[in-house]
Amino acid sequence: RSVCPLIKDGISIDVAINSVNNCDISSSTIRRYIENGLVDAKRHNLPRANSFRVKKEYDYSKKAKPLPVSILAGRTYEDYKRYMDAYPESRVVQLDSVIGKQYDYHAILTIFFVNSKLQLGRLYARQKPNVVNIMRSIYKIGIDNNTKLFDVVLADNGFEFKDLYKLELDDDGNQICKVFYCDPYRSNQKAECEKNHGLFRRIVPKGNSFKEFKQSDIDRIFSHINSYPRASLRNKSPNDLFILEYSLIILVLLNINKIAVKDIRMIDFKRWL
């Protein structure tokens, strides 16, 4: 009775069991009950496993032109690997974009903190992306609270990131971080960020427009995603690990709220109401 309402809200069986006190029923038993129609949770309520396929390599000369050599010099994925070998304790964030409809004015910049698996979403204008300003505002939140939120930024070769290298220096010319770019058509080089988009797509399926979204809506969606416990995190949530690494204050300043498992909605946002 306690587990099924959570499953109907898109929570996996294992996470639902771990969030309920004194639940002595195994996940396989609950799954069998669902398959046999013995409980009110149905098979379609179970989140589908999001498979991540490594994209094939492309002939870059025919498919896309990379960013100018002047930008990529010292900032390629090979440079990133060498840097991380030399400075393995660096705090890394991976950047990507999520698109709604092709005609949408806005897209969503996703910022993935590798250590905690916390992901932020920020709306930006597709024709005039302000990624550098967004990242500087996030960096400033950390500095204002006596911490450095990231040392390394890894992004793809997309148009929205063409000026990202400017993030490396502050207004006084002091280096604040290192910026690197993945190879074209190699999303597997920042696979964790890409894989986390699967959780976003459980709430906002592909094909939905972002036209009606406000930043507060995006913050709410990612608050649910970041509150969702993960087996890979020993049943902790990204929020939990982020707070341990930084603080609850910074989490709140990033507009992410902690949500109890019983209140998490990992289903199509159109069914939230």
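Anyway, here's the lowdown on the structure attached to this text. (Residues numbered from 1 in each chain as written. Predicted model: local features only at pLDDT ≥ 70, side-chain atom pairs only at ≥ 80, totals over all residues. Heavy atoms only, no water.)

## Here's the deal with the overall build of the protein
To keep things clear, this is the line we draw: Strands here are runs of E lasting at least two residues and helices are runs of H or I lasting at least four, both read from the DSSP assignment and numbered beginning at the N terminus. Only protein chains enter the accessibility calculation, which uses a 1.4 Å probe; a residue whose area is less than 20% of its type maximum is buried, one above 50% is exposed, and one in between is partly exposed. We call two residues contacting when some pair of their heavy atoms lies within 4.5 Å. Accessible areas in this description were obtained via Shrake-Rupley with a 1.4 Å probe; residue shielding takes into account the shown protein chains only.
What the protein contains, in helices and strands, is 11 helices and five strands. Counting the 273 residues in the protein, one finds 48% classified as buried. Once local pairs closer than 6 in sequence are excluded, the contacts in the protein between residues at least 24 apart make up 66%. Within the structure as shown, the protein displays about 15,000 Å² of accessible surface, and the carbon and sulfur contribution to it stands at 48%.

## A look at the side chain of D104
Formally: The charged-residue count follows a simple rule in which Lys and Arg add positive charge and Asp and Glu add negative charge, with His and chain termini not counted at all. Salt bridges are defined by distance alone: a side-chain nitrogen of Lys or Arg within 4 Å of a carboxyl oxygen of Asp or Glu. Each polar contact in these results corresponds to two N or O atoms within 3.5 Å; when the atoms are within protein, one needs to be able to donate a hydrogen and the other to accept it, and residues that are neighboring in sequence are counted only if both atoms are side-chain atoms.
On the secondary structure map, D104 appears in the loop between β1 (92-98) and β2 (106-113). One buried charged residue, D104, forms no salt bridge at all, with the nearest opposite charge on R126 at 5.8 Å. Within polar-contact distance, the side chain of D104 engages the side chain of S209 at 2.6 Å. Sequence-distant contacts of D104, that is, excluding residues within four places in its chain, are made with R126, N208, S209, F210 and K211.

## Things to note about helix α6 (residues 77-86)
Note the cut-off: Here the arc refers to the set of directions running from the helix axis out to each C-beta atom.
Within the span of α6, buried status applies to Y77, D79, Y80 and M84. Each buried residue of α6 sits inside an arc of 150 degrees when the element is viewed along its axis, so together they form one side. In α6, those exposed residues whose orientation departs by more than 90 degrees from the buried face are R82 and D85. Lining the buried residues of α6 we find α5 (69-72), β1, β4 (152-155) and β5 (178-181).

## Concerning empty space enclosed by the protein
The rolling of a water-molecule-sized probe over the atoms marks out the regions of remaining empty space. Our working definition: A 1.4 Å probe that fits but cannot get out identifies a cavity on a 1 Å grid over protein atoms alone, an open set with protein on both sides within 12 Å along at least five of seven lines counts as a pocket, and a residue lines either if it has an atom within 4 Å of a point. Grid points are joined across faces, edges and corners, and a volume is the space filled by probe spheres set on the points. Note on residue classes: Ala, Val, Leu, Ile, Met, Phe, Trp, Tyr, Cys and Pro are nonpolar, Asp, Glu, Lys and Arg are charged, and everything else, Gly too, is polar.
By the definition in use, this model includes one cavity of 30 Å³ or more. Lining of the largest cavity is provided by R91, V92, V93, F113, V114, N115, S116, L149, E245 and Y246. Grouping the amino acids of the lining of the largest cavity by side-chain chemistry returns six nonpolar, two polar and two charged.

## Regarding the packing of aromatic side chains
Applicable threshold: The aromatic pairing rule takes the rings of Phe, Tyr and Trp, using the six-membered ring of Trp, and pairs them if the centres are within 6.5 Å, calling planes under 30 degrees apart stacked, those over 60 edge-to-face and the rest tilted.
Here the structure, examined in full by the defined rule, presents 12 aromatic pairs. On the basis of an interplanar angle of 70 degrees and a centroid distance of 6.4 Å, the ring pair of F113 and Y246 is categorised as edge-to-face. Pair noted here: F113 is in strand β2 and Y246 is in the loop between α10 (238-245) and α11 (248-253), with a separation of 133 residues, a long-range link. With respect to class, F113 is no different from Y246; both count as buried.

## A closer look at the pairing of strand β3 (residues 118-125)
Consecutive side chains along a regular strand alternate between the two faces of the sheet. Condition: DSSP-based pairing: two strands are paired if at least 2 bridges between them are found.
In terms of residue burial, β3 counts as a mostly covered element, since eight of its eight residues are buried. Here β2 pairs with β3 via eight bridges, running antiparallel. Of the residues in β3, the one forming a bridge with T110 is G121. Turn length for the β2-β3 hairpin, with the two strands adjacent in sequence and antiparallel, is four residues, and the turn residue K117 shows positive phi of about 65 degrees.

## Considerations on the environment of F161
Examined against the element boundaries, F161 turns out to sit in the loop between β4 and β5. For F161, the residues in contact, after removing those within four places along its chain, are L95, D96, S97, L109, V131, A155, D156 and Y181.

## Some points on the packing of helix α8 (residues 191-203) against helix α9 (residues 215-227)
Rules: Between N-to-C directions, angles cover 0 to 180 degrees, with each direction set by a line fitted to C-alpha atoms, over the stretch in contact for helices. Roughly parallel means an angle under 35 degrees; roughly antiparallel, over 145; roughly perpendicular, 65 to 115; everything else is oblique. By definition, any crossing whose near helix is turned counterclockwise from its far helix by less than a right angle is left-handed, and any crossing with a clockwise turn is right-handed.
Two elements in contact, α8 and α9, have axes separated by 10 Å at closest approach and are oriented at 125 degrees. With respect to α9, the element α8 is oriented oblique. Judged by the sense of rotation from one axis to the other, the crossing of α8 with α9 is right-handed. Taking contact as the criterion, the partners of N196, L199, F200 and I203 in α8 are, on α9, I221, F222 and I225. Among the residues forming the contact of α8 with α9, the class breakdown is six nonpolar, one polar and no charged.

## Examining the sheet that holds β3
If you walk across this open sheet you meet the five strands as β3-β2-β1-β4-β5, and the pairing is mixed. Of all the strands in the sheet, just β3 and β5 have a single pairing partner and so form its edges. Within this sheet the neighbouring strands show an average axis-to-axis angle of 25 degrees, counted without direction. Along the sheet, α8 makes contact with β1, β2 and β3, crossing β1 at roughly 50 degrees.

## Quick word on the nonpolar core
Filter applied, for reference: Take the buried residues of types Ala, Val, Leu, Ile, Met, Phe, Trp, Tyr and Cys, join any two whose side-chain atoms come within 4.5 Å, and each joined set is a nonpolar core.
Membership of the largest hydrophobic core comes to 54 residues, with the highest contact counts inside it found for L95, M135, F150 and L164. Sort the elements by how many residues they give to this core and helix α7 (residues 131-144) lands first, with six residues. Contact partners of F150, with chain neighbours within four places excluded, come to R91, V93, M135, I138, Y139, L167, I176 and C177.

## Comments concerning the side chain of Q189
Assignment of secondary structure puts Q189 in the loop between β5 and α8. A residue is classified by how much of its surface remains accessible, and Q189, at 9% relative accessible area, is buried. Among residues more than four places away in sequence, those in contact with Q189 are Y77, L154, C182 and D183.

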